[in-house]
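Chains, contacts and geometry: an overview
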Amino acid sequence: MAGKIIILMGISFMLMAGQVTADKANNEDSEKSGRYNETFNPRQIAYPNHLGFNDLHLEAIRHLKPDTNSPHDPKLQVGVHHHCKGYDDGTFVCLMFHTGMGDQDKPIGYEYIITAEQYNHLPEEEKKYWHYHATEFPRAEVSLPDLTHEEAEKLMPVLKETYGKVIYFQKPDDKFPLGEPYVLIIQDLPVVSEQNK
């Protein structure tokens, strides 16, 4: 009996040692792969993959469907937080929150971001759903709240040469996602003209 216990203890120790070695190898692989891009978020903590929507944080107005056709509609002034994950193919997927990204905040949609080259390969019929960030960023008063002014200045020229598609699955005032998801065509939103400022 004592012999069996010793054998079982030996197997347990071998398994635990193997797990520690595997964990160490996984951590080293993670560090080597550069999974988290320091350019987009220089102070980022290396979260596990399932928390990857911390690569980039953008805040923008003009990202909610207005109730009226007025360029002064209050919903056009609501800041929408984009918490984005970057992918190796140059794309980003951003979860969108009209509140923030606290523990109990729920996303109401997402923005898919692609490079100019990827946009150029889209079918012509599809392109109408996408907006060019060089045009939209000034209108949307885009900011990078987690970065310093110097860090943001380096990143903005890269981000402006991308295209985004905004898809909502929930209206901000609804408790649950009701009805059908929809694409919000950002360039069709009312714009304040120089005369009406």
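A quick note: this is a predicted structure, and the numbers were derived from the prediction, not measured.

As for the layout of surface pockets
Volume-wise, the second largest pocket comes out at about 220 Å³. A class-by-class count of the residues in the lining of the second largest pocket yields seven nonpolar, two polar and four charged.

Observations regarding the pairing of strand β3 (residues 92-97)
Of all six residues in β3, five are buried; the element is thus mostly enclosed. In this sheet, β3 lies alongside strand β2 (residues 80-86) in antiparallel orientation, the contact comprising six bridges. Bridge assignment links Cys84 to a residue of β3, and that residue is Cys94. The antiparallel pairing of β2 with β3 creates a hairpin that spans five residues between the two strands, and Gly90 there sits at a positive phi of about 90°. Of the pairings in the sheet, the one linking β3 to strand β4 (residues 109-115) comprises five bridges and is antiparallel in character. Across the sheet, residue Val93 finds its bridge partner in β4, namely Tyr112.

Calculation criteria
Residues numbered from 1 in each chain as written. Predicted model: local features only at pLDDT ≥ 70, side-chain atom pairs only at ≥ 80, totals over all residues. Heavy atoms only, no water. 1 Å grid on protein atoms, 1.4 Å probe; cavity = no way out; pocket = protein on both sides within 12 Å on 5 of 7 lines; lining within 4 Å. Points joined across faces, edges and corners; volume = space filled by probe spheres on them. Nonpolar A, V, L, I, M, F, W, Y, C, P; charged D, E, K, R; others polar. Buried < 20%, exposed > 50% of the residue type's maximum accessible area, 1.4 Å probe, protein only. Helix = DSSP H or I, 4+ residues; strand = E, 2+ residues; numbered from the N terminus. Pairing = 2+ DSSP bridges.

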